[in-house]
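# Survey of secondary and tertiary structure
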Amino acid sequence: METTGKTRWQEGLSNELEHWRIWLSGGSEAFAGGGFNDYDWRTRPDSDLRNQPHLTRNLEPFAPEGTTVRILDVGAGPLTCVGKEWPGRTVEITPVDPLADQYNTLLGELNLTPLVATEDAEVEKLSEVFPADHFDLAYCQNALDHVYDPVLGARQMLEVVKPGHAAVLMLNVNEGERENYHGLHQWNFCREGDDLVVWNHDGRVSVNEELSEVADIRFEPESTETLMVVSLVKKTDR
């Protein structure tokens, strides 16, 4: 589904970098509205993963106390949004982003040290970087609409999680339309019944149909009219 073209995606990368430059320069005041300080959450070593129940819900069947959980944060930006602690367990986070090198340079310029450094990887090429069936969970928060092939990206997230485990997506509904297709916002996600649909002016695809052989798809209870939380559970009998 690479109909928007990788060239258009590459042209939008500079906008994303500038967004984060402004965000990081704002420090503790950045995105602090609504009673939630996102900057503080991303920089606190004691941020509790239980405050992200859409993640722990998918991990709990495989993560009794005493275990280590490996979480891949896709499109993580310069600072991963995944909680750093889960009582009784060890949380091992691998954040990845195609702008990782630029983000790490930017953090250095601002004298900021991330709790976990972001590594360089495109979601469409995860299997070139990580082994199959490796992570306990993959997570992508408000970033799958930023990529050049979102269906391939979802498929690659599933490739690197263990069978029976989930790739979890947090998606703003119809973000491309809302952002007037500015920068990396080239795709829209919406819900049609039980189907997750990705679309833009070039085409429309049911993610459920595209991934039917490899995943079961469910909408999590945190979903609203403007925000969807979707779990793609990797089939064990594929």
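Please read these numbers as outputs of a predicted model, since none were measured by experiment.

### So, the overall build of the protein chain
Looking only at helices and strands, one finds 7 helices and 10 strands in the protein chain. Computed over its C-alpha atoms, the radius of gyration of the protein chain comes to 17 Å, within 12% of the 18 Å expected for a compact globule of 238 residues. Per element, the accessible surface of the protein chain, about 10,800 Å² overall, is 45% carbon and sulfur. Charged side chains in the protein chain number 20 positive and 42 negative. The centres of these two groups are separated by 4 Å.

### Considerations on the pairing of strand S6 (residues 188-192)
Two strands pair when backbone bridges link them, and S6 and strand S7 (residues 195-200) are joined in this way by 5 bridges, in the antiparallel orientation. Across the sheet, the residue bridging to Arg191 is Leu196, located in S7. Remark: 2 residues form the turn of the hairpin made by S6 and S7, two consecutive strands paired antiparallel; Gly193 in that turn has positive phi of roughly 65°.

### With respect to the nonpolar core
Inside soluble globular proteins, nonpolar side chains tend to come together where they are buried. Membership of the largest hydrophobic core comes to 36 residues, with the highest contact counts inside it found for Leu72, Leu126, Met157, Leu196 and Leu232. Contributing elements (two or more residues each) for this core: strand S1 (68-74), strand S4 (135-141), helix H5 (150-160), strand S5 (161-172), S7, strand S9 (215-219) and strand S10 (227-234). Ranked by residues supplied to this core, first place goes to H5 with 5 residues. Beyond its immediate sequence surroundings of up to four residues, Leu196 is in contact with Leu169, Leu171, Phe189, Cys190, Val205, Ser206, Val207, Asn208, Phe219, Met228 and Val230. Judged by nonpolar contacts, the second largest core, of 18 residues, contains Leu59, Cys81, Ile93 and Met170.

### Here's the deal with the sheet that holds S7
If you trace the 3 strands from one edge of the open sheet to the other, you get S6-S7-S8, paired in antiparallel fashion. The open sheet terminates on both sides in strands that have one partner only, identified here as S6 and strand S8 (203-206). Neighbour-to-neighbour, the strand axes of this sheet turn through a mean angle of 25°, independent of strand direction.

### A few points about the sheet that holds S4
Across the sheet, which stays open at both edges, the 7 strands sit in the order S3-S2-S1-S4-S5-S10-S9 with mixed pairing between neighbours. In this open sheet, the two strands that pair with only one neighbour each are strand S3 (119-120) and S9. Of the pairings in the sheet, the one linking S9 to S10 comprises 5 bridges and is antiparallel in character. The residue of S10 that forms the bridge with Ala215 is Lys234. H5 rests against S1, S4, S5, S9 and S10 of the sheet, and its axis sits at about 145° to S5.

### Notes on the packing of aromatic side chains
Two aromatic rings are characterised by how far apart their centres lie and by the angle between their planes. Taken as a whole and judged by the stated rule, the model has 4 aromatic pairs. Look at Trp20 and Trp23: their rings are 5.0 Å apart centre to centre, the planes differ by 70°, and that puts the pair in the edge-to-face class. Note that Trp20 and Trp23 are positioned in helix H1 (residues 6-25) at a spacing of 3 residues, about one turn of the helix. Taking the relative accessible area as the measure of exposure, Trp20 reaches 9% and is therefore buried. Centroid distance Trp20 to Tyr103: 6.3 Å. Interplanar angle 70°. Geometry classified as edge-to-face. Of this pair, Trp20 sits in helix H1 while Tyr103 sits in helix H4 (residues 100-109), and the two are 83 residues apart along the sequence. Across the pair, Tyr103 and Trp20 agree in class, each one buried.

### Topic: H4
Turning to H4, its buried residues number three or more, namely Ala100, Tyr103, Leu106 and Leu107. Along the axis of H4, the buried positions cluster into a sector of 125°, meaning they face one direction only.

### Re the pattern of salt bridges
This model, assessed by the stated rule, comprises 17 salt bridges. One salt bridge connects Glu92 with Arg70, and the closest N-O pair in it is separated by 3.3 Å. With Glu92 in strand S2 (residues 90-97) and Arg70 in strand S1, this pair connects stretches of sequence that are 22 residues apart. According to the relative accessible area criterion, Glu92 is partly exposed, its value standing at 37%. Note that Asp216 and Lys235 form a salt bridge whose closest N and O atoms lie 4.0 Å from each other. Here Asp216 is found in strand S9, whereas its partner Lys235 is found in the segment after S10, with 19 residues between them in sequence. On the accessibility criterion, Asp216 (46% relative accessible area) is partly exposed. Overlapping salt bridges bring together Arg57, Arg218, Glu220 and Glu222 as one network.

Parameters and conventions
- Residues numbered from 1 in each chain as written.
- Predicted model: local features only at pLDDT ≥ 70, side-chain atom pairs only at ≥ 80, totals over all residues.
- Heavy atoms only, no water.
- Helix = DSSP H or I, 4+ residues; strand = E, 2+ residues; numbered from the N terminus.
- Rg over C-alpha atoms; globule rule 2.2 N^0.38 Å.
- Areas by Shrake-Rupley, 256 points an atom, 1.4 Å probe, with all protein chains shown as cover.
- Lys, Arg positive; Asp, Glu negative; His and termini not counted.
- Charge placed at Lys NZ, Arg CZ, Asp CG, Glu CD.
- Pairing = 2+ DSSP bridges.
- Core = buried A, V, L, I, M, F, W, Y, C linked by side-chain atoms within 4.5 Å.
- Buried < 20%, exposed > 50% of the residue type's maximum accessible area, 1.4 Å probe, protein only.
- Contact = heavy atoms within 4.5 Å.
- Axes fitted to C-alpha atoms, helices over the stretch in contact; angles between N-to-C directions.
- Phe/Tyr/Trp six-rings, centres within 6.5 Å; stacked < 30°, edge-to-face > 60°.
- Arc of directions from axis to C-beta.
- Salt bridge = Lys/Arg side-chain N within 4 Å of Asp/Glu carboxyl O.

That's the geometry; what it means functionally is another story.
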